[in-house]
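# Breakdown of the fold
Here is what each chain is made of, one letter per residue.
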Amino acid sequence: MQHLKDSMENTMDATLHDIPTQRTCPFDPPPEYRHLRVEQPILRVKTPRGDSTWLVTRYKDIRAVLSDKRFSSDPRRPGFPSYLTGDIDPPPGFFLLMDDADHKRLRALIVGEFIGPQLEALNPLMQSVVARNMAVLESLTPPQDLITTFALPIAAQVICELLGVPYADHGFVQERTDTILDRSRSPEEQEAAVVELMGYFDQQVTLKENAPGNDLIGRLIQDPARYSQVSHDELVGLAALLLLSAYDTMAQVIGLGTVVLLQQPEQLKTFLEEPALADNFIDEMVRYLSVNHTGLPRVATTDVEIGGQLIRAGEGVVVMLNSGNRDELIYTQPDQIDIHRKARNHLGFGHGLHKCIGAHFARAELKIVFRSLFKQLPTLALTCPIDTLPFRHEMVLYGLKQLPITWTDGPRQSATEPVHSTPAQVPPNEATRRGCPYTGSPL
């Protein structure tokens, strides 16, 4: 039986499916995943670059892959699948793309910065950055683009101040980061952007080694026990990884989350009035949005069986976090966002060995952002239908290119009415029958 299954899989290589990436509803994963989770939860597919790999769509199988050391995160290993167009070797210090001892050593150097007392000490920084940007936004004449005037500046300023990197340089960093993560850009463009970006962080780390300050990198340099465990090049990569992992992801969650909250006025009201539910709701929002649009790649280092499927050594795997977070076997009505859902074990921050080191940091920042935004601008509204918004379908991280919003000095609309200019919401069951609850288009 196993021989027959292996033969069938080898035959499939000639007619591989492309990884589905096209959404029909802006806040839902591609609809094919719903079928695959039931019928073919582990399927041979082709990445946009043309790599043959296994696609994993079911929650329990995704957790199994991400917690198994027999799956490598190192893109230099043969068979590692990529959703980018070029071959980009991970810089030293990028522990997200490392295994075993190096991953553990580098992660341990900074994990204390994002938990416990140090995390508490960061709250005033977040509050200050959000307050500054709220003041700027309120001083502007609507309509405005929330992404460029609020989401990106907040996300960039928080992580820049944490790392001690000049915020004035964020445009340079953002442009090159977007080039690297844009699947439509050429390999040459992506590789040139990596070189320029790492050259910038090399300069920043060199400055800090000569005159360390009271920031994350400066504190590491001034701690002999930690600094002795990291090379200059690793510190450069570590600084780049932290900044790149934090600002773009946070900006996209802020933008998408704002649209979702405008469509869920009753849940928004509960979020603002019941602080005890805030942590719950942020986790539910991260689960629901799952901005990782292209999945996490891995490669098997030995033969492994996942979900009854044999994956041989040297075969790539892509786990689709957004699909796992909508698994009907784990979540009741997974395509609905519910402030009362206990979603702490969602996959939005990853899982297992490489789970997001800044998850607690992200929760704290998002709570401050959304409470400030909707309390200080209670009449916030979109200026266009949702289906006309420019979404980032071509990027590794899903989100919005622009988010045109407006506001007035009047009171908020009734809590039973969604704040938008698209057709009114329909009850969940009816919405499922009719199609996308945001646009009314068929699923």
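## Describing the overall build of the chain
The helix and strand tally for the chain stands at 16 helices and 11 strands. Considering only contacts within the chain whose residues lie at least 6 apart along the sequence, 74% involve residues at least 24 apart. Roughly 18500 Å² of accessible area belongs to the chain as shown, and the carbon and sulfur atoms make up 54% of that amount.

## A look at the packing of helix H6 (residues 146-163) against helix H11 (residues 232-263)
The N-to-C vectors of H6 and H11 enclose an angle of 150°; their axes lie 9 Å apart at closest approach. Between H6 and H11, the angle falls in the class roughly antiparallel. The way H6 lies across H11 gives a crossing that is right-handed. Counted together, Leu-146, Ile-147, Phe-150, Ala-151, Leu-152, Ile-154, Ala-155, Ala-156, Ile-159, Cys-160 and Leu-163 of H6 and Ala-239, Leu-242, Leu-243, Ala-246, Tyr-247, Met-250, Ala-251, Ile-254, Gly-255 and Thr-258 of H11 form the full contact between these two elements.

## Some thoughts on the state of the cysteines
In protein structure, a disulfide is the covalent linkage between the sulfur atoms of two cysteines. The final tally for this structure, using the stated rule, is one disulfide. Here Cys-25 is linked by a disulfide to Cys-436, with a sulfur-sulfur distance of 2.1 Å. Residues Cys-25 and Cys-436 share a disulfide whose torsion about the S-S bond is about 55°; that sign makes it right-handed. Within this pair, whereas Cys-25 is found in the loop between strand E1 (17-18) and helix H2 (32-39), its partner Cys-436 is found in the segment after helix H16 (428-434), the two being separated by 411 residues in sequence. Each of the two residues, Cys-25 as well as Cys-436, counts as buried.

## What to know about the pattern of salt bridges
Summed over the entire model, instances satisfying the criterion amount to 27 salt bridges. In this structure, Glu-315 and Arg-44 form a salt bridge, with 3.9 Å as the shortest nitrogen-oxygen distance. Taken together, the positions of Glu-315 in the loop between strand E8 (309-311) and strand E9 (316-319) and Arg-44 in strand E2 (residues 42-46) put the pair 271 residues apart, joining distant regions of the chain. Here the residues in one salt-bridge network are Asp-28, Arg-34, Arg-326 and Asp-335, joined through shared partners.

## Some remarks on the environment of Gly-308
Within the fold, Gly-308 resides in the loop between strand E7 (304-306) and E8. Residue classification places Gly-308 among the partly exposed positions, given a relative accessible area of 37%. With 266 residues separating them in the primary sequence, Gly-308 and Ile-42 have C-alpha atoms 9.1 Å apart.

## As for the sheet that holds strand E11 (residues 404-406)
The three strands lie next to each other as E5-E11-E10, forming an open sheet whose pairing is antiparallel. Of all strands in the sheet, those with a lone pairing partner are strand E5 (144-145) and strand E10 (381-382), marking the two edges. Here two bridges tie E10 to E11, and the two strands are oriented antiparallel to one another. Its bridge partner lying in E11, Leu-382 is registered against Ile-405.

## A closer look at the confidence of the model for the chain
Looking at the chain, pLDDT values average 86 and 88% of them are 70 or higher. At the low end of the mean pLDDT range in the chain sits H16, at 39; at the high end sits helix H3 (residues 59-66), at 98. Long-range and interchain partners of residues 1-15, a stretch whose pLDDT sits below 50, account for 12 contacts in this model, where long-range means more than four residues apart. Scored below 50 in pLDDT, residues 412-434 shows 43 contacts in the model against residues more than four places distant or in partner chains.

## Description of the pairing of strand E6 (residues 296-300)
For a regular strand, the rule is simple: side chains alternate between the two faces of the sheet. The buried count for E6 comes to five of five residues, which makes it a mostly enclosed element. Side chains Leu-296, Arg-298 and Ala-300 of E6 all project onto a buried face; the interleaved residues Pro-297 and Val-299 project onto the opposite face, where all are buried too. Sheet analysis places strand E4 (residues 71-72) next to E6, joined by two bridges and oriented antiparallel. Of the residues in E6, the one forming a bridge with Ser-72 is Val-299. Where E6 and E9 come together, four bridges link them in antiparallel fashion. The residue bridging Leu-296 from the neighbouring strand is Val-319, located in E9.

## Description of the packing of aromatic side chains
Overall, the coordinates contain seven aromatic pairs when judged by the stated rule. With 5.7 Å between their ring centres and 80° between their planes, Phe-114 and Phe-361 make a pair best called edge-to-face. Here Phe-361 lies in helix H15 (residues 359-376) and Phe-114 lies in the loop between helix H4 (100-110) and helix H5 (116-139), a separation of 247 residues in the sequence. In this structure Phe-114 comes out as buried when scored by relative accessible area, which is 4%.

## A few points about the sheet that holds E4
Strand order in this open sheet of six strands is E1-E2-E3-E9-E6-E4, and the pairing throughout is mixed. Looking at which strands have only one partner, the edges of the open sheet turn out to be E1 and E4. Sheet strands touched by H3: E2, strand E3 (52-56), E4, E6 and E9. Its angle to E9, the strand with the most contacts, is close to 125°.

Conventions adopted
Residues numbered from 1 in each chain as written. Predicted model: local features only at pLDDT ≥ 70, side-chain atom pairs only at ≥ 80, totals over all residues. Heavy atoms only, no water. Helix = DSSP H or I, 4+ residues; strand = E, 2+ residues; numbered from the N terminus. Contact = heavy atoms within 4.5 Å. Areas by Shrake-Rupley, 256 points an atom, 1.4 Å probe, with all protein chains shown as cover. Axes fitted to C-alpha atoms, helices over the stretch in contact; angles between N-to-C directions. Parallel < 35°, antiparallel > 145°, perpendicular 65-115°, else oblique. Left-handed = near helix turned anticlockwise from the far one by under 90°. Disulfide = S-S within 2.5 Å. Buried < 20%, exposed > 50% of the residue type's maximum accessible area, 1.4 Å probe, protein only. Salt bridge = Lys/Arg side-chain N within 4 Å of Asp/Glu carboxyl O. Pairing = 2+ DSSP bridges. pLDDT = per-residue confidence, 0-100. Phe/Tyr/Trp six-rings, centres within 6.5 Å; stacked < 30°, edge-to-face > 60°.

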